[in-house]
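# Structural features, examined
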Amino acid sequence: MANAEKIIERQLEEAEVFVGKDVLELLSSSMYVNPLAIFREYVQNATDAIDDAVASGLLPSTNDGRIDVSLDHIDRRVVVRDNGVGLSNAEFPSRMLSFGASKKRGTNARGFRGVGRLSALGYVQQLVFRSRAQGDSKVIEAKWDGRAVKRLLAATDQESDLQSIVREAVSLTHLDPDEYPEHFFEVELIKPRRIANDRLLNEIEIENFIGQVCPCPFSPEFSLRDEVANLLEGHGGAGRAYHICINGSETPVYRPHRDQLAFSDTKRSEFHNLRPFEIEGIEGETAAVGWLAHHDYQGAIPVAQGVRGLRARVGNIQIGHDRLFAEIFPEDRFSSWCVGEVHILDPRVVPNGRRDEFENNAHLDNIIAHLRPIGAEVARECRVSSQKRNRIKSFELAADKVYEKLEVLKQGAVSDRYAKTIKAETGTLLSEMHKAIEFDLFDEQERGALRRQLRKIEKAVDTQSTKRGSDIFENLPKHKRAAYKEVVDLIYDCSVNQVAAKSLIDRIFNRLSRK
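Residues numbered from 1 in each chain as written. Predicted model: local features only at pLDDT ≥ 70, side-chain atom pairs only at ≥ 80, totals over all residues. Heavy atoms only, no water.

## Focus: the packing of aromatic side chains
As enumerated under the stated definition, the model contains eight aromatic pairs in all. Where Phe-218 meets Trp-291, the ring centres are 6.3 Å apart and the plane angle is 70°; that geometry is what we call edge-to-face. Taken together, the positions of Phe-218 in the loop between helix 6 (203-213) and helix 7 (225-232) and Trp-291 in strand 11 (residues 286-294) put the pair 73 residues apart, joining distant regions of the chain. Exposure remark for Trp-291: the relative accessible area of 0% places this residue in the buried category. Members of the aromatic cluster, connected to one another through ring pairs, are Phe-218, Phe-222, Phe-271 and Trp-291. We note Arg-81 situated over the ring of Phe-184; from NZ or CZ to the ring centre the distance is 5.1 Å. (Phe/Tyr/Trp six-rings, centres within 6.5 Å; stacked < 30°, edge-to-face > 60°. Helix = DSSP H or I, 4+ residues; strand = E, 2+ residues; numbered from the N terminus. Buried < 20%, exposed > 50% of the residue type's maximum accessible area, 1.4 Å probe, protein only. Lys NZ or Arg CZ within 6 Å of the ring centre and 35° of its normal.)

Structure below.
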């Protein structure tokens, strides 16, 4: 040890710290695989600006805030503008040219990493930011040249750093304020790339994405919206919704939830009640609140409905996708059968940079542990619903068979022997239907509906038993009637489908009657 060299510590010189240009690519297009995530980032920043405007008295309430998304297909431009607090001329340059140094960190704001504004840079020819705060005499603009950025990033030199790219690709300009509001912020995407159905200018796709992911209000066509609002009231940003309008519409984008779920063109279901829940944090605080909207769980909800899954939200903005909490269910498939949300309130449960998952820690594990009983509850509902549907299907199949047999008896073509067999089979089917009704998982309303249907069927059976049918053989020679009855019985005995057999016999007797 005595011969060991002495370690000399020293501070690094500023010149020794080199931030390479590829950081810019990592902070822009590489972090945002889904191009539509651009709208989440800009709407998120807009909601924070509106919250600041309300806090400073510029806006009376969140309801007075507005976020406009304008799509110009001819000139290929997208503008996202809010009427929030805006950035002052003094702070605009430093805020627009900083990277990963957001002033929002440690606040209640939704964004805090200071990189989301660059999310569109890899998808456009130019990316423009404009803003003005109350009292500013000018509007200030920062324009990124996307083509220059791509060219500089593709260069093979090893000396270009982040600062040199910014100096060459970004320009700052002061604009006449006459055409702009007194306080606002906007981002303009010029010549966005044509990606997969031109998604960055596709109004339908953009509206669907914003409706699912962003803090939009629930539709008036969703009857449970007031219960959800009451649940989230008092939980800050979790309960706030904002008016986001596309192409000047006065009707804001609504969340996709409606009173009905469409499983297919013929299968539909209605939400019948809201199941709220609260999750306690490690230290006894409220870590999350959430809700499930129960329905009859007919199967996996189609993706196009935009509501399936137990979805995570922070500040009322969705994190990840509909299968983010799939692990809480006994079987993964049940994740796509349910509709619900988990609003994360614990600030220590932090979304990752791409906002597609959460950073792993004990506080996230605690929430997942508390969600497992919720997943088990959904699984029970799914299994009970499946068992009910099987009983109802058995009931309806038996009812169809009863009606088929009644039609055979009404035809009057079978022998007395075969008629007795049909009546015995009908009695067996009615017994099966009684048994199906007594399934203990039916509630009284469901059981009552089936009983009413069964009484109607039993009445039809009783009526047919006491009714004398028409004689289909009366136009046939008497000496041939016994032979025809035997043939009719054979047709019914040998046919797999009594409906098809009856149709065949009807055609035979029509032909015979014409002779």
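That was the structure; now back to the text.
## Overview of the environment of Ile-38
You can see Ile-38 is positioned in helix 2 (residues 37-55). With 78 residues separating them in the primary sequence, Ile-38 and Gly-116 have C-alpha atoms 7.9 Å apart. Beyond its immediate chain neighbours, meaning those up to four positions away, Ile-38 contacts Ser-119, Ala-120, Tyr-123, Leu-189 and Leu-200. (Contact = heavy atoms within 4.5 Å.)

## Let's talk about the nonpolar core
Ranked by internal contacts, the top residues of the largest apolar core, which has 53 residues, are Phe-39, Tyr-42, Leu-127, Phe-129, Trp-144, Leu-189 and Ile-210. Sort the elements by how many residues they give to this core and helix 2 lands first, with seven residues. Discounting chain neighbours no more than four positions away, the residues touching Phe-129 are Tyr-42, Phe-92, Met-96, Arg-117, Ile-140, Glu-141, Ala-142, Trp-144, Phe-185, Glu-186 and Val-187. The next biggest cluster of nonpolar side chains, apart from the first, holds 29 residues, and it includes Ala-288, Leu-292, Phe-334 and Cys-338. (Core = buried A, V, L, I, M, F, W, Y, C linked by side-chain atoms within 4.5 Å.)

## Re the environment of Ala-148
Relative to the assigned elements, Ala-148 resides in helix 4 (residues 146-154). Sequence separation between Ala-148 and Ile-165 is 17 residues; the distance between their C-alpha atoms is 8.4 Å.

## Some words on the pairing of strand 12 (residues 309-314)
Counting buried residues in strand 12 gives six out of six residues, a clear majority hidden from the surface. Side chains of strand 12 alternate between two faces, with Gly-309, Arg-311 and Arg-313 and Leu-310, Ala-312 and Val-314 buried alike. Where strand 12 meets strand 14 (residues 339-344), five bridges bridge the pair, whose relative direction is parallel. The partner of Ala-312 across the bridge, within strand 14, is Val-342. The pairing of strand 12 with strand 13 (residues 317-319) spans three bridges and is classified as antiparallel. Among the inter-strand pairings, Val-314 is bridged to a residue of strand 13, identified as Ile-317. Between strand 12 and strand 13, which pair antiparallel and follow one another directly, the connecting turn spans two residues, one of which, Gly-315, has a positive phi of 60°. (Pairing = 2+ DSSP bridges.)

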